[in-house]
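Listed below are the residues making up each chain.
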Amino acid sequence: DVQGSVEAISESLRKLSTDAIRLVVIHSSVGAITETDVNLASASNAIVLGFNVRPEVKAQTLSEKEGVDIRLYNIIYDAVDDIKKAMEGLLEPTLREKHLGRAEIRETFSVPKVGMVAGCYVLDGKMLRNAQVRLLRDNVVVYTGKMSSLRRFKDDVKEVATGYECGIGLADFHELEEGDIIESFSRQMVARAASA
């Protein structure tokens, strides 16, 4: 997310190298994970680490097509610890995120006794009520939590599909801005291979 994080993570990862295993940071930069990053990882048989950022939509799609592992973190220690375990071959099953949908905030409304609600357009996938969500502002994670409400016109609904408009409320977060992106996702336990 910022240059200081890039330097701290890169240095911490380089220190993990041993006589038996050598870790190489091929490329590091600030900003969202792009298609170029995924192509480089694919060509180099590498993984992509994101810290407080998300992949762009095209990069996410390309990573799934190319089989490139994108690992996302928001705590430096977790990133370093996870890579260390991978290097030692001690990876336990982990929570894997499944992308459900993405919506763009087109307008914000202040609703009495509720707070701020986002008038959204679903860009891809679907938005599910009570799903876990993250709010992105310029591809930087601003909030991660739960969706508190999902409405279509005046009705509460369970889901809203691509191409439709809806109203979304976020639990305990009201600093919404036009142009922000709301991602919905689920997490599931997945066994990981020891090689990374």
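Please refer to the structure higher up on the page.
In short, a report on the structure. Keep in mind that what you see is a predicted model, and the values were worked out from it rather than measured.

**A few points about the pairing of strand 5 (residues 132-137)**
Thought 1: Strand direction decides the pairing type here: strand 5 and strand 6 (residues 140-152), joined by six bridges, are antiparallel. Looking across to strand 6, one finds that leucine 136 is bridged to valine 141.
Thought 2: Taken together, strand 5 and the strand that follows it, strand 6, pair antiparallel across an intervening segment of two residues, in which aspartate 138 is found at a positive phi of about 55 degrees.
Thought 3: One ladder, built from five bridges, connects strand 5 with strand 10 (residues 181-190); its direction is antiparallel. Residue pairing for strand 10: leucine 135 is matched across the bridge by isoleucine 182.

**Notes on the packing of aromatic side chains**
Thought 1: Taken as a whole and judged by the stated rule, the model has one aromatic pair.
Thought 2: Relative to phenylalanine 173, the ring of tyrosine 143 has its centre 4.8 Å away and its plane inclined at 25 degrees; by these criteria the two rings are stacked. Remark: phenylalanine 173 occurs in the loop between strand 9 (165-170) and strand 10 and tyrosine 143 occurs in strand 6; sequence separation between them is 30 residues. Of the two residues, tyrosine 143 and phenylalanine 173, both sit in the buried class.
Thought 3: The ring centre of phenylalanine 185 lies 4.1 Å from the NZ or CZ of arginine 134, which sits over that ring.

**Brief notes about unusual backbone geometry**
Thought 1: Even without a glycine there, the phi angle at asparagine 52 is positive, about 60 degrees.
Thought 2: By the element assignment, asparagine 52 lies in the loop between strand 1 (48-51) and helix 3 (57-66).
Thought 3: Look at asparagine 52 and you get partly exposed, because its relative accessible area is 22%.
Thought 4: Residues other than glycine seldom take positive phi values, yet aspartate 138 does so here, at roughly 55 degrees.
Thought 5: You can see aspartate 138 is positioned in the loop between strand 5 and strand 6.
Thought 6: A relative accessible area of 74% places aspartate 138 in the exposed class.

Each value, and the rule that gives it
- Within each chain, residues carry numbers counting from 1 in the order of the written sequence.
- For this predicted model, a pLDDT threshold of at least 70 governs which residues receive local features, and a threshold of 80 or more governs which side-chain atom pairs are given and counted, while totals over whole chains, interfaces and linings are taken from all residues.
- In computing side-chain properties, one takes all heavy atoms of the structure into account and sets aside hydrogens as well as water.
- DSSP calls a pair of strands paired once it identifies at least 2 bridges connecting them.
- Strands are runs of DSSP state E lasting at least two residues, helices are runs of H or I lasting at least four, and both sets are numbered from the N terminus onward.
- Here a pair means two rings of Phe, Tyr or Trp (six-membered ring of Trp) with centres within 6.5 Å. Their orientation is stacked below 30 degrees between planes, edge-to-face above 60, and tilted elsewhere.
- A simple rule labels every residue: compare its accessible area, found with a 1.4 Å probe on the protein chains alone, to the largest value its type can have, and call it buried under 20%, exposed over 50%, or partly exposed in between.
- Only Lys NZ and Arg CZ are tested; either one counts as a charge over a ring when it is within 6 Å of the ring centre and within 35 degrees of the ring normal.

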